[in-house]
2 protein chains.
Amino acid sequence: MGFLKGVEYLDHLAYDSVIFGFAGDNLKILLMEYHDTALFALPGGFVQVDEDLNEAVSRGLAERTGIQNVYLEQFYTFGDAKRNLTGEMNKILNANNLGDDSLKWILNRFVSVAYLALINYKNVNPRPDEISDSCTWYDVNNLPPLIQDHSTIVEKALITLQSQLDHKLPIYELLEEQFTMAELQRVYEVILNESLHRGSFQRKMLSLGILKRHEKQFNGGANKAPYLYSFLK
Amino acid sequence: MGFLKGVEYLDHLAYDSVIFGFAGDNLKILLMEYHDTALFALPGGFVQVDEDLNEAVSRGLAERTGIQNVYLEQFYTFGDAKRNLTGEMNKILNANNLGDDSLKWILNRFVSVAYLALINYKNVNPRPDEISDSCTWYDVNNLPPLIQDHSTIVEKALITLQSQLDHKLPIYELLEEQFTMAELQRVYEVILNESLHRGSFQRKMLSLGILKRHEKQFNGGANKAPYLYSFLK
DNA sequence: CGATTATTGTCGCATTATGAGACATTAAAG
DNA sequence: CTTTAATGTCTCATAATGCGACAATAATCG
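What comes next concerns the included structure. The structure displayed is predicted, hence computed values, not measured ones.

Rules of the game
- Residues numbered from 1 in each chain as written.
- Chains lettered and ligands numbered in written order.
- Predicted model: local features only at pLDDT ≥ 70, side-chain atom pairs only at ≥ 80, totals over all residues.
- Heavy atoms only, no water.
- Helix = DSSP H or I, 4+ residues; strand = E, 2+ residues; numbered from the N terminus.
- Expected span 1.5 Å × (residues − 1).
- Buried < 20%, exposed > 50% of the residue type's maximum accessible area, 1.4 Å probe, protein only.
- Near = heavy atom within 4 Å.
- Polar contact = N/O pair within 3.5 Å; in protein donor to acceptor, adjacent residues only side chain to side chain.
- Contact = heavy atoms within 4.5 Å.
- Buried area = accessible area lost by both parts, 1.4 Å probe.
- Salt bridge = Lys/Arg side-chain N within 4 Å of Asp/Glu carboxyl O.
- Nonpolar A, V, L, I, M, F, W, Y, C, P; charged D, E, K, R; others polar.
- Least-squares fit on C-alpha atoms with pLDDT ≥ 70 in both.
- Pairing = 2+ DSSP bridges.
- Axes fitted to C-alpha atoms, helices over the stretch in contact; angles between N-to-C directions.
- Parallel < 35°, antiparallel > 145°, perpendicular 65-115°, else oblique.
- Phe/Tyr/Trp six-rings, centres within 6.5 Å; stacked < 30°, edge-to-face > 60°.

### A word on helix 1 (residues 53-65) of chain B
Residue and element names in this part refer to chain B.
Alright, step 1. With 13 residues, helix 1 should reach 18 Å at 1.5 Å per residue; the first-to-last C-alpha distance of 18 Å fits that figure.
Alright, step 2. Among all positions of helix 1, only Leu53, Ala56, Val57, Gly60, Leu61, Ala62, Arg64 and Thr65 are buried.
Alright, step 3. Remark: Gly66 follows helix 1 within two positions and exhibits a positive phi of approximately 80°.

### Quick word on the protein's contact with DNA strand C
Alright, step 1. The local shell around DNA strand C holds 24 residues, among which Asn223 and Tyr227 of chain A together with Arg203, Asn223 and Lys224 of chain B are the closest.
Alright, step 2. Of everything in DNA strand C that lies within 4 Å of the protein, sugar and phosphate atoms constitute 49%.
Alright, step 3. At 3.2 Å from a phosphate oxygen of DNA strand C is found a side-chain nitrogen or oxygen belonging to Gln202 of chain A.
Alright, step 4. The separation between a phosphate oxygen of DNA strand C and a polar main-chain atom of Tyr227 of chain A is 2.9 Å.

### As for the interface of chain B and chain A
Alright, step 1. Counting from both sides, the interface comprises 23 residues of chain B and, opposite them, 23 residues of chain A.
Alright, step 2. Taken over both partners, the interface formed by chain B and chain A buries close to 1700 Å², and the fraction arising from carbon and sulfur atoms is 51%.
Alright, step 3. The largest contributions to the chain B side of the interface with chain A come from His12, Gln74 and Arg109 of chain B, which together make up 26% of the buried area.
Alright, step 4. Summed over the shared surface of chain B and chain A, the result is 0 salt bridges.
Alright, step 5. Classifying every residue of the side of chain B that touches chain A by side-chain character gives 10 nonpolar, 7 polar and 6 charged.

### What about the relation of the copies chain B and chain A?
Alright, step 1. When chain B is brought onto chain A, the operation consists of a screw motion whose angular component is 180° and whose axial shift is 0.1 Å, with 0.1 Å RMSD remaining. Expressed as a symmetry operation, the mapping of one chain copy onto the other fits a two-fold axis.
Alright, step 2. A share of 100% of the interface residues of chain B reappears at the interface of chain A, consistent with the copies meeting face to face through the same patch.

### Brief notes about the pairing of strand 7 (residues 111-118) of chain B
All names here are of chain B.
Alright, step 1. In terms of burial, strand 7 is largely enclosed, as 8 of its 8 residues are buried.
Alright, step 2. Burial of the side chains of strand 7 extends over both faces: Val111, Val113, Tyr115 and Ala117 are buried on one face and Ser112, Ala114, Leu116 and Leu118 on the other.
Alright, step 3. Pairing geometry for strand 2 (residues 7-23) and strand 7, over 8 bridges, is parallel. Counterpart to Ser17 in the pairing with strand 7 is Tyr115.
Alright, step 4. Both strand 6 (residues 71-78) and strand 7 contribute to a ladder of 7 bridges, which runs antiparallel. Across the sheet, the residue bridging to Glu73 is Leu116, located in strand 7.

### As for the pattern of salt bridges
Alright, step 1. Inspection of every chain in the model, using the stated rule, returns 14 salt bridges over all chains.
Alright, step 2. Salt-bridge contacts for Arg83 of chain A lead to Asp149 of chain A; the nearest nitrogen and oxygen are separated by 2.7 Å. Linking Arg83 of chain A in the loop between strand 6 (71-78) and helix 2 (88-95) with Asp149 of chain A in the loop between strand 8 (132-139) and helix 3 (150-164), this pair joins segments that are 66 residues apart in sequence.
Alright, step 3. On the accessibility criterion, Arg83 of chain A (5% relative accessible area) is buried.
Alright, step 4. We classify Asp149 of chain A as buried; its relative accessible area is 18%.
Alright, step 5. With a shortest N-O distance of 3.5 Å, Asp80 of chain B and Lys82 of chain B are connected by a salt bridge.

### Brief notes about the environment of Leu10 of chain B
Alright, step 1. Position of Leu10 of chain B relative to the elements: it lies in strand 2.
Alright, step 2. Sequence-wise, Leu10 of chain B and Arg59 of chain B are 49 residues apart; in three dimensions their C-alpha atoms are separated by 16 Å.

### Details of the protein's contact with DNA strand D
Alright, step 1. Around DNA strand D, 24 residues are found, and the nearest of them are Arg203, Asn223 and Lys224 of chain A together with Asn223 and Tyr227 of chain B.
Alright, step 2. A breakdown of the atoms of DNA strand D within 4 Å of the protein gives sugar and phosphate a share of 49%.
Alright, step 3. Contact distances for DNA strand D include 2.9 Å between a base nitrogen and a side-chain N or O atom of Arg203 of chain A.
Alright, step 4. The separation between a base nitrogen of DNA strand D and a polar side-chain atom of Arg198 of chain B is 3.0 Å.
Alright, step 5. When contributions to the surface near DNA strand D are tallied by element, the ones reaching two or more residues are helix 5 (198-207) of chain A together with helix 5 (198-208) of chain B.
Alright, step 6. Broken down by element, the residue count for the surface near DNA strand D peaks at 5 residues, all from helix 5 of chain B.
Alright, step 7. For the surface near DNA strand D, the per-class residue count stands at 8 nonpolar, 8 polar and 8 charged.

### Notes on the packing of helix 4 (residues 181-192) of chain A against helix 5 of chain A
Residue and element names in this part refer to chain A.
Alright, step 1. Contact pair helix 4 / helix 5: the axes reach a minimum separation of 11 Å and the direction vectors enclose 100°. In terms of orientation, helix 4 and helix 5 fall into the roughly perpendicular class. Every residue of helix 5 that contacts helix 4 at Met181, Leu184, Gln185 and Tyr188 is listed here: Arg198, Phe201, Gln202, Met205 and Leu206.
Alright, step 2. A breakdown of the residues in the contact of helix 4 with helix 5 according to their chemical character gives 6 nonpolar, 2 polar and 1 charged.

### Let's talk about unusual backbone geometry
Alright, step 1. A positive phi is found at Asn69 of chain A, a non-glycine position, where the angle reads about 55°.
Alright, step 2. Along the chain, Asn69 of chain A falls in the loop between helix 1 (53-65) and strand 6.

### Notes on the environment of Ser195 of chain A
Alright, step 1. Within the element layout of this structure, Ser195 of chain A appears in the loop between helix 4 and helix 5.
Alright, step 2. The spacing of Ser195 of chain A and Gln185 of chain A is 10 residues in sequence and 8.9 Å in space, taken between C-alpha atoms.

### Observations concerning the packing of aromatic side chains
Alright, step 1. Counted under the stated rule, the structure contains 22 aromatic pairs over all chains.
Alright, step 2. Arranged with centres 6.2 Å apart and planes meeting at 55°, the rings of Trp105 of chain B and Phe110 of chain B form a pair that is tilted.
Alright, step 3. Here Trp105 of chain B falls in the buried class, since its relative accessible area comes to 7%.
Alright, step 4. Aromatic pair Phe179 of chain B and Phe231 of chain B: ring centres 5.2 Å apart, planes at 40°, arrangement tilted. With Phe179 of chain B in the loop between helix 3 (150-164) and helix 4 (181-192) and Phe231 of chain B in strand 10 (residues 227-231), this residue pair connects regions lying 52 residues apart in the sequence. Phe231 of chain B shares its class with Phe179 of chain B; the two are buried.
Alright, step 5. Taken together, the ring pairs connect Tyr9, Phe46, Trp105 and Phe110 of chain A into an aromatic cluster.

Right, here's the structure in full:
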């Protein structure tokens with residue numbers, strides 16, 4: 001077993017989370033940067049000995065972003081034998097003066113369960129943990145180099161997001177409570193990475209019967225004002 | 001770490017596989033029954049310390065069915081804290097005179113990665129392992145009670161199968177090299193659990209351009225003989 | 001104050017996909 | 001030769017989708 005600050009964790013098992021947000025017409029994810037290193041990683045963590053796996057992920061997400069009751073979806077478990085943090089983590093531990101033997105277990109091989117979450121960009125209060133000094137949003141199309149196989153994890157998360165977009169993913173988490181049709185279309189376009197026909201998109205969305213129309217929004221532009229919509233609960 | 005016959009395994013980590021076959025117009029899965037118990041379980045196993053997770057599953061499947069190069073898809077990782085085999089496994093170990101302490105680790109909490117496979121019913125040579133005396137096909141709609149949460153795992157496998165049927169799953173593994181349109185339709189109907197319109201199904205399949213038409217099959221029936229088809233490679 | 005501009009809501013049309021029934025074909029049995 | 005049952009294909013109605021067009025409208029500009 002591994003111990004971290006007096007808590008016992010399952011050895012060889014971790015989770016990583018790909019946390020999506022939407023801002024400035026682009027899809028973002030949360031990344032951590034470790035103190036005094038140029039190493040970026042997905043926010044992840046370990047599973048306590050008597051803790052549900054899903055609970056562990058919720059807990060970690062709450063600790064890092066301050067938000068709770070998030071839509072979390074498990075999408076793949078990465079289990080290659082050579083998945084370990086030797087090298088990178090040595091650098092991190094040294095930079096943080098944590099080089100004692102009690103943390104050696106962190107250098108073991110880890111099987112990692114990957115989750116994705118869709119959250120509202122504005123609701124987040126990214127908080128660094130003890131060994132990372134920033135937890136910041138990055139444009140998903142312009143990520144820094146990530147440690148280990150974290151780039152692969154992000155890729156797989158994106159593919160999952162795309163394939164499940166029409167089925168069950170609660171896209172509304174990404175937007176404000178109320179939004180325009182153009183904003184909603186932009187979310188779809190960014191996730192699918194393709195442009196959609198405006199008329200068809202609007203017709204399709206309205207035909208689904210999942211949107212409620214509200215007051216028009218006078219946005220100050222020299223044009224017709226759009227309606228605001230929200231998702232029916 | 002856990003030891004089994006001199007090999008070292010990752011503790012707290014297991015896999016379970018839902019192996020689908022098709023025979024007699026029905027979808028089947030492989031189940032193991034333990035010696036001298038009435039306990040049925042999905043074929044599963046453990047991951048060696050220096051072994052890729054995917055490798056472990058392939059290895060286990062080859063050991064139990066004799067077939068290799070199977071399409072294996074990971075679909076979920078079950079990680080509830082109370083997932084353990086206390087009770088059931090005690091019964092199994094006692095029935096097999098394996099009640100010594102060296103196997104105590106098997107009673108721990110296990111996080112299990114679940115895989116599904118589609119294989120050709122006829123190619124399989126189910127082989128029991130040391131502690132299970134049968135590894136047999138069961139109709140998926142008529143399963144015996146399964147240990148632990150294995151029924152839940154089967155359910156989730158079925159849902160995954162259904163949702164991915166049109167996208168990427170290599171259904172052809174379930175059939176012979178050549179097959180009739182009626183047989184193919186039956187596979188779809190069994191997986192989707194609904195009947196399909198014959199004309200529409202045939203039109204759809206032919207329009208996909210993934211089938212090659214062969215000689216007619218004179219099946220001895222008092223009716224027009226169907227063509228045989230195979231999937232284009 | 002009227003013309004202009006950019007964006008929006010909606011419609012029409014062509015094309016494609018889908019559901020359902022119908023009809024001729026055909027291999028074997030009587 | 002007739003009958004039977006399954007098959008290949010067709011037609012029609014309906015639904016879904018891609019794409020362009022048009023009127024409406026809020027702000028700006030002359």
